[in-house]
Amino acid sequence: MSTRSSRGGGTVSHGSEGYETYGSGRRTPAPDRTGQAEAFDAIGARYDDAFPHKEGQLAAVDTLLAGLAPGSRILEVGCGTGVPTSRQLADAGHSVVGVDLSAGMLELARKNVPKADFHQLDLASLRPERGQEAGELGEFDAATCFFTLLMLPRPEIPAALRLLRSMLRPGGLLALSMVEADLDDAEIPFLGHTIRVSGFLRDELRQVVRDAGLEITGEHTYAYAPASTDVPPEHQLFFNCRRAGK
């Protein structure tokens, strides 16, 4: 299973609060993803060389852009190097906020997309309120989350999707992707490092997305073979979604 330019479930945010404990109403500390962050710090610029073709991701963003008003505010969760998504969104004239797990990736993103605003924040620490605390980024007209949820244990993924929904204004749009796989927090080799990944089979992923309060408005699948010898081919699932309800 590979990763994409949007890897990393947000970024490390020490001492911040995480999700409600999967619906219990209690806040827990943001999970410790230091190991994942260190792996992507080390991978750095090699990432885009290993994954040069991102047609599915580009197409999903084109669909997203077609539904947005000029100058929309967009969140990219797991922005990686900022290429291609943050750049694609910023070049279209939108206000882009990117978050990622890896300080090394963010350094590259700031160079690649100087018009965007990047933060080192864990996905679990994001909040729809606007404030001075880390993670309080406010609401957005749209968000992208490409392959980022792969980095989370399976039980955390529904909570992450509910949180992303909360970051969207009513009717807000989300472009989402995963790799189709029946895995839960499994260790895999990746560009000389070990990372932990999770996935769902297609029908189950659709249900998880809908249960989080997101309407699936479009879907496409790509077979992808990375330019890397230690990562097998994969089936990428791309969903264009809309926040359902109020």
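See above for the structure.
For every chain, the first residue of the written sequence is number 1, and numbering continues from 1 onward in sequence order. Where local features are concerned, this predicted model is filtered to residues with pLDDT of at least 70; where side-chain atom pairs are given and counted, the filter is 80 or more; whole-chain, interface and lining totals use all residues. Hydrogens and water molecules were not included; the side-chain quantities draw on all heavy atoms of the structure.

### Notes on the layout of surface pockets
Empty space among the atoms becomes visible once a probe the size of a water molecule is rolled across them.
Moving on, step 1. Residues are said to line a cavity or pocket when one of their atoms sits within 4 Å of a point; the points come from a 1 Å grid over protein atoms alone, cavities being sets where a 1.4 Å probe fits but cannot get out and pockets being open sets with protein on both sides within 12 Å along at least five of seven lines. Grid points are joined across faces, edges and corners, and a volume is the space filled by probe spheres set on the points. As a volume, the second largest pocket reaches approximately 160 Å³.
Moving on, step 2. Together, 13 residues line the second largest pocket, and Asp-32, Arg-33, Gln-36, Asp-185 and Arg-196 are the ones closest to its centre.
Moving on, step 3. Listed by contribution, the elements that provide at least two residues to the lining of the second largest pocket are helix 1 (34-43) and strand 9 (193-199).
Moving on, step 4. Residue type decides the class: Asp, Glu, Lys and Arg count as charged, Ala, Val, Leu, Ile, Met, Phe, Trp, Tyr, Cys and Pro as nonpolar, and the leftover types, Gly among them, as polar. Partitioned by chemical class, the residues of the lining of the second largest pocket number 5 nonpolar, 4 polar and 4 charged. Each helix corresponds to a stretch of at least 4 residues labelled H or I by DSSP, and each strand to a stretch of at least 2 residues labelled E; elements are numbered beginning at the N terminus.

### Quick look at the environment of Gly-71
Moving on, step 1. Note on placement: Gly-71 falls in the loop between helix 3 (55-66) and strand 3 (73-77).
Moving on, step 2. In this structure, the C-alpha to C-alpha distance between Gly-71 and Ala-92, residues 21 residues apart in sequence, is 8.5 Å.
Moving on, step 3. In this analysis, two residues are considered to be in contact whenever any of their non-hydrogen atoms come within 4.5 Å of each other. Ignoring sequence-local partners within four residues, the contact set of Gly-71 consists of Gly-93 and His-94.

### A short note on helix 6 (residues 156-167)
Moving on, step 1. Multiplying 1.5 Å by the helix residue count minus one yields the expected span of that helix. Compared with the 16 Å implied by 1.5 Å per residue over 12 residues, the 17 Å span of helix 6 between its first and last C-alpha is a close match.
Moving on, step 2. Note on exposure labels: buried denotes an accessible area under 20% of the residue type's maximum, exposed denotes more than 50%, and partly exposed covers the range between, all computed with a 1.4 Å probe on protein chains only. Among the 12 residues of helix 6, 9 are classified as buried, and the element is accordingly described as predominantly covered.
Moving on, step 3. Listed as buried for helix 6 are Glu-156, Ile-157, Ala-159, Ala-160, Leu-161, Leu-163, Leu-164, Arg-165 and Met-167.

### Let's talk about unusual backbone geometry
Trans is the prevailing form of peptide bonds, just as negative phi is the prevailing case for residues other than glycine.
Moving on, step 1. Put simply, Val-83 and Pro-84 share a cis peptide bond, and its omega is 5°.
Moving on, step 2. Along the polypeptide, Pro-84 turns up in the loop between strand 3 and helix 4 (85-91).
Moving on, step 3. Phi at Phe-147 takes a positive value of approximately 65°, unusual for a residue other than glycine.
Moving on, step 4. Counting through the fold element by element, Phe-147 comes out in the loop between strand 6 (140-146) and helix 6.
Moving on, step 5. The residue Asp-185 is not glycine, and still its phi comes out positive at about 55°.
Moving on, step 6. With respect to the helices and strands, the residue Asp-185 is situated in strand 8 (residues 183-190).

### Points about the nonpolar core
The tendency in soluble globular proteins is for nonpolar side chains to be buried as a group.
Moving on, step 1. Among the buried residues, those of types Ala, Val, Leu, Ile, Met, Phe, Trp, Tyr and Cys that are joined through side-chain atoms within 4.5 Å form a nonpolar core. Ranked by internal contacts, the top residues of the largest apolar core, which has 56 residues, are Leu-75, Leu-123, Leu-126, Leu-137, Leu-149, Leu-161 and Val-209.
Moving on, step 2. With 7 residues, strand 7 (residues 168-179) is the single largest residue contributor to this core.
Moving on, step 3. Every residue in contact with Leu-126, bar those within four places of it in the chain, is listed here: Leu-75, Val-77, Val-99, Leu-121, Gly-135, Leu-137, Leu-163 and Met-167.
Moving on, step 4. Core analysis: the next-biggest nonpolar cluster, separate from the first, contains 12 residues, Ala-39, Met-105, Met-151 and Ile-188 among them.

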